[in-house]
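Single-letter residue listing:
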Amino acid sequence: ASGQLSISRALLLTVTLGALSLLTAFLALSPQFGLILVLYLVASGCYSLWLKRIAIVDVLLLASLYTTRILAGGLAVDVPVSEWLIAFSMFLFTSLAFAKRYVELTSLDENAADVLAVRRRGYQRADSGIIETMGMTAGYLAVLVLALYINSKEMFELYHNNWALWIICVLLLYWLSRLWLLAKRGQLPDDPVLFAIKDRTSWLIAALVATLLLLA
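Residues numbered from 1 in each chain as written. Predicted model: local features only at pLDDT ≥ 70, side-chain atom pairs only at ≥ 80, totals over all residues. Heavy atoms only, no water.

1. Description of the side chain of T94
1) Next: Looking at the secondary structure, you find T94 in helix α4 (residues 83–106).
2) Next: Polar side-chain contacts of T94 include one of 2.6 Å to the backbone oxygen of M90.
3) Next: When sequence neighbours within four positions are dropped, the list of residues in contact with T94 reads V59, L60, A63 and A138. (Helix = DSSP H or I, 4+ residues; strand = E, 2+ residues; numbered from the N terminus. Polar contact = N/O pair within 3.5 Å; in protein donor to acceptor, adjacent residues only side chain to side chain. Contact = heavy atoms within 4.5 Å.)

Dropping the structure here:
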């Protein structure tokens, strides 16, 4: 982005590193992981070149890419990833992706360059209200998936104290509500994931969730 690397060298590095990563994935890990990596590269490439300009599609694809990382991680270490986790992750990352778009829209100036940049991404400033609604709804649906999992037979095979998982639901409701409250106030950075990494409250909630999982 700084322009210190020429386009030709960047393309060469892209092809070289991409080929090495695929070779390593197929030979050192598993063919399934390699196929997921190919899918991820194709999807992220389509996002960068085309799909990021289509409203809603860009958000769903971003959430799918984050969720694909979880699936790839499971394949890399040969640990099955449950459908519950995939569903929970998809809704959670959709909420975070919508939060990113919401912050971008509400923080723009009214100058022509900013307005044009937003339209190239498929959005208008007037969309901020519906994006806020969709983002909050997706976040609460993630908590709903967790609540449904707590009442499932799969949960009883892995956990003994489901009361601890119910507390995690409350903590997630608080964290997501706080995130969107800060977004509404204009106090959320344009990258919610980076915000979570730097936010002390998020770290505290993460520590409580980890403790409750051990108790469960």
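2. Digging into the environment of Y40
1) Next: Relative to the elements of secondary structure, Y40 occurs in helix α2 (residues 31–49).
2) Next: A relative accessible area of 19% places Y40 in the buried class.
3) Next: C-alpha separation for the pair Y40 and A72, spaced 32 residues apart in sequence, amounts to 9.4 Å.
4) Next: In contact with Y40, other than residues within four places in its own chain, are L65, T68 and R69. (Buried < 20%, exposed > 50% of the residue type's maximum accessible area, 1.4 Å probe, protein only.)

3. Details of the side chain of R101
1) Next: For R101, the location among the structural elements is in helix α4.
2) Next: Residue R101 is classed as buried on the basis of its relative accessible area of 3%.
3) Next: Those residues in contact with R101, other than ones at most four positions away along the chain, are Y47, D58, V59, L62, R121, Y123 and I131.

4. So, a nonpolar patch on the surface
1) Next: Together, L23, F26, L27, L35, V38 and V42 make up an exposed nonpolar region whose accessible area comes to about 560 Å².
2) Next: Looking at the nonpolar patch, the elements that each hand over two or more residues are α1 (7–29) and α2.
3) Next: Residue placement: V38 occurs in helix α2. (Patch = residues over 30% accessible without salt bridge, like charges linked within 9 Å, V, L, I, M, F, W, Y side chains within 5 Å. Areas by Shrake-Rupley, 256 points an atom, 1.4 Å probe, with all protein chains shown as cover. Salt bridge = Lys/Arg side-chain N within 4 Å of Asp/Glu carboxyl O.)

5. Concerning the nonpolar core
1) Next: Counting residues in each nonpolar core, the largest one holds 47 residues, and the members touching the most others are F88, L146, I168, L179, W180 and L188.
2) Next: Breaking this core down by element, the ones donating at least two residues are α2, α3 (57–76), α4, α6 (128–150), α8 (162–185) and α10 (200–215).
3) Next: With 12 residues, α8 is the single largest residue contributor to this core.
4) Next: Dropping the residues within four chain positions of it, I168 is found in contact with L146, V209, L212 and L213. (Core = buried A, V, L, I, M, F, W, Y, C linked by side-chain atoms within 4.5 Å.)

Read these as spatial facts, not as claims about activity.
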